[in-house]
Amino acid sequence: MAAPIAVHLEFGGGAELLFNGVKEHHVTLPSQSEPWDMKQLLVWIQRNLLKERPELFVQGDSVRPGILVLINDADWELMNQNACACLTAAGLDCSVGLKPAH
Amino acid sequence: MCQVDEEYQEELERADGPSVSKKCVKCKEASAAVVIRAGDTYCRSCFKEYFIHKFRAMLGKNRVIFPGEKVLLAVSGGPSSCSMLSQVQEGLSQKAHKKLRFSPGIVHIDEGGAVGQSAEERQRKVSELQAVFKATGFPFLILPLEQVLDLPSSVVETALSPLEPPPSAYKAAVDRFNQTSSSDYLPPQEREEKSLPDVQKSHTQLLQQLMGSAKTLTAREDLLNTLRQHLLVHTARTEGYSKLMLGDNCTRLAIKLLTSISLGRGAQLAQDTGFSDSRYGNIISVRPMRDYSAKEIAFYNHMFNVPAVVVASLDTKTSEKASIQRLTESFVTKLQTDFPSTVSTIYRTSEKLQTACRSSSSADHSDRCLLCVCTLDTAVEKASAFQATLISEQLSQTKSLGCRNPGQSPGPVKPESAASTGQCCSSAGGEDCGRATSGGGCCSLTTETTDLKSLLCYSCQLTIRDMSSVDHLPLYILSEAQRRQRRAQMRDEISEFLLDDGDEGIYREV
Ligand SMILES: [Zn+2]
Ligand SMILES: [Zn+2]
């Protein structure tokens, strides 16, 4: 059982337009049997935060190409590829930034 | 299979998790923060160094901008142009290693009117940008796109460039620059305080009518690009700048390149996407960001707090199949993700492209496209897409219109313009009837609007064809079109008296 985790989400570069224009979100992910990973976080964001046009944000089970993801201020491509970074290991106040690249 | 894969990945994660353990490839000490290209991991400070160096190297290598020259930065507010602005600031600062030595100004074109934003929204964006621009200390101008409606025809004429500077000119400019103090680009006070000039509602409406007359998003985007470019060039000229600096990045240029090909702008590729673009004669556009990917820029801006303002564009929040431009964009961004090295390959291709007729730069400007001011590519061989389109158009023309225009020669014709030209002599009045003085009656008026196409390159013809009417085009375009048509007609009339018409290729068919 993974404990609930607090995540600081930041949407920028226009991505916030899909979230009612709100850039920063402090959210708590509920506890669940498996550890949270990016793939699940994206699903959660889509269900709970995303206001419109999901196809502009996610594609398949990852973010749409062209949207950059930073985890604790570092490129998520450094973290063993896309949808699999394990959020729990990053500690309780992990921040995830998402911005389109252009 | 699937399961095996998943288990494998999970194990890897547990092994190193998101607390990054990869090292920077440059200093081999600090831990990496960003992956650029395929697999090159950089730490924060090496990434910064790499980023800054690339900008100076780009300008240094090309030697297009002279010391002391006035350079106008076109800043849309997006990540790329804001990053360019910050690089210029960085390069001019005292602590810079290889100091940049030109004198910059900023121009922003507020396109809110064309994309249907409310006056309040526009004002808010403008004040956000104003704050960013003020902080730079550079002189800046914020212009509503509506001003494009009041441009003079001179914009679409190619002012001839002050001849190719001799090799010694760069050196001379350096010497001159070293003698004068470098801090003379302080903003004039009264301009700094100027907010967005009041936009007349009627102007916004005219602009919206114009944008609305383009029936497809593809044509609308193309039209918007053209208008923006005209206003930028005009502003540079009237404000005494000789270079225009654009923020196109490598991802953007790869998109532009593929879009250009799809839109039939093959002949203009080199100028549309190269480092420098001299089609406007005395105003040369340069693209110093063309070696950066959108990702590098986004990371740099994020890490070093480069402010950017989100500016809505025509395709903001549109689906990926809305226009050719959007579709190409989604193709390229997908490529970037899946095959990171392909994108730079695409845009490097553009460096190898040369337009065959580029040498004829001395030619008279009436052989330039009326809209994009590139050299006309319509005087081409029989077996081209252009000719094929023409022939198929003529065929459908003869069917639908019959012999309505018996006097008309088999020149370029435009089917759906018949409707709009019908109105033109009764409603639009004076401006359109200018040609009546030169001898023709209503019949030749019909030919007139129709012939707008003969003044356009292949790609701009396609754009115009997607417009329900050309009557909403700004006056400077329409009146220049008339002037060129009158000239062509006159030349045609006296052609039999001319001894040598060998070099008038494009008039042969008129
Ligand atoms: Zn390093
Ligand atoms: Zn053109």
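Residues numbered from 1 in each chain as written. Chains lettered and ligands numbered in written order. Predicted model: local features only at pLDDT ≥ 70, side-chain atom pairs only at ≥ 80, totals over all residues. Heavy atoms only, no water.

Naming follows an unreviewed UniProt entry, where chain B appears as Cytoplasmic tRNA 2-thiolation protein 2 of Stegastes partitus. Regarding chain B, the relevant UniProt record gives this comment under Function (unreviewed entry): "Plays a central role in 2-thiolation of mcm(5)S(2)U at tRNA wobble positions of tRNA(Lys), tRNA(Glu) and tRNA(Gln). May act by forming a heterodimer with CTU1/ATPBD3 that ligates sulfur from thiocarboxylated URM1 onto the uridine of tRNAs at wobble position." On record in UniProt, under Subcellular location (unreviewed entry), the comment for chain B is "Cytoplasm". (UniProt positions renumbered as here; feature names shortened; annotations may be inferred.)

Naming follows an unreviewed UniProt entry, where chain A appears as Ubiquitin-related modifier 1 of Stegastes partitus. Here chain A is described in UniProt, under the heading Pathway (unreviewed entry), as follows: "tRNA modification; 5-methoxycarbonylmethyl-2-thiouridine-tRNA biosynthesis." Listed in UniProt under the heading Subcellular location (unreviewed entry), the comment for chain A reads: "Cytoplasm".

**Quick notes on the coordination of the zinc ion (ligand 1)**
All names here are of chain B. Coordination of the zinc ion (ligand 1) by the protein involves Cys24 (SG), Cys27 (SG), Cys43 (SG) and Cys46 (SG), with metal-donor separations of 2.2 to 2.3 Å. Around the zinc ion (ligand 1), the four donor atoms sit at angles spanning 101 to 117 degrees, and that spread fits a shape best called tetrahedral. The sequence pattern describing where the donors of the zinc ion (ligand 1) fall on their chain is C-x2-C-x15-C-x2-C. Taken together, the positions of Cys24 in the loop between α1 (2-16) and β1 (34-36) and Cys43 in the loop between β2 (40-42) and α2 (44-62) put the pair 19 residues apart, joining distant regions of the chain. (Donors = N, O, S within 2.8 Å, 3.2 Å for Na, K, Ca; no water. Tetrahedral: all angles 85-135°; square planar, octahedral: opposite > 155°, others 65-115°. Helix = DSSP H or I, 4+ residues; strand = E, 2+ residues; numbered from the N terminus.)

**What to know about the side chain of Arg56 of chain B**
All names here are of chain B. Note on placement: Arg56 falls in helix α2. Of the side chains with opposite charge, Glu90 comes closest to the buried, unpaired Arg56, at an N-O distance of 4.3 Å. If we ignore the near neighbours within four places in the chain, the residues touching Arg56 are Glu90, Gly91, Ala96, His97, Lys98 and Leu100. (Buried < 20%, exposed > 50% of the residue type's maximum accessible area, 1.4 Å probe, protein only. Lys, Arg positive; Asp, Glu negative; His and termini not counted. Salt bridge = Lys/Arg side-chain N within 4 Å of Asp/Glu carboxyl O. Contact = heavy atoms within 4.5 Å.)

**Describing the sheet that holds strand β5 (residues 140-144) of chain B**
Through backbone hydrogen bonds, the strands of a sheet pair up, either in parallel or in antiparallel fashion. All names here are of chain B. Strand order in this open sheet of six strands is β5-β4-β3-β6-β8-β7, and the pairing throughout is mixed. What marks the edges here is a single partner per strand, and that holds for β5 and β7 (276-280). Within this sheet the neighbouring strands show an average axis-to-axis angle of 25 degrees, counted without direction. Looking at chain direction, strand β3 (residues 70-74) and strand β4 (residues 103-110) are connected through five bridges and run parallel. (Pairing = 2+ DSSP bridges. Axes fitted to C-alpha atoms, helices over the stretch in contact; angles between N-to-C directions.)

**Focus: helix α3 (residues 79-92) of chain B**
Counting along an α-helix, one turn takes 3.6 residues, and residues three or four places apart therefore face a common direction. All names here are of chain B. Given a rise of 1.5 Å per residue, 14 residues ought to cover 20 Å, and the 20 Å separating the end C-alpha atoms of α3 matches this to within 8%. Counted residue by residue, α3 has 12 buried out of 14 residues, so it is predominantly covered. If you check which residues of α3 are buried, you get Ser80, Ser81, Cys82, Ser83, Met84, Leu85, Ser86, Gln87, Val88, Glu90, Gly91 and Leu92. Where α3 is buried, its residues contact α2, β3, β4, α5 (119-136), β6 (243-245) and α12 (294-303). (Expected span 1.5 Å × (residues − 1).)

**As for the coordination of the zinc ion (ligand 2)**
All names here are of chain B. Cys369 (SG), Cys372 (SG), Cys457 (SG) and Cys460 (SG) make up the full set of protein donors to the zinc ion (ligand 2), lying at 2.3 Å. Given four donor atoms and angles of 104 to 116 degrees at the metal, the environment of the zinc ion (ligand 2) is assigned as tetrahedral. Summarised as a motif, the one-chain spacing of the donors to the zinc ion (ligand 2) is C-x2-C-x84-C-x2-C. Of the two residues, Cys372 sits in the loop between α14 (340-352) and α15 (385-401) while Cys460 sits in helix α19 (residues 458-465), which places them 88 residues apart along the sequence. On the basis of relative accessibility, which here comes to 7%, the residue Cys372 falls in the buried class.

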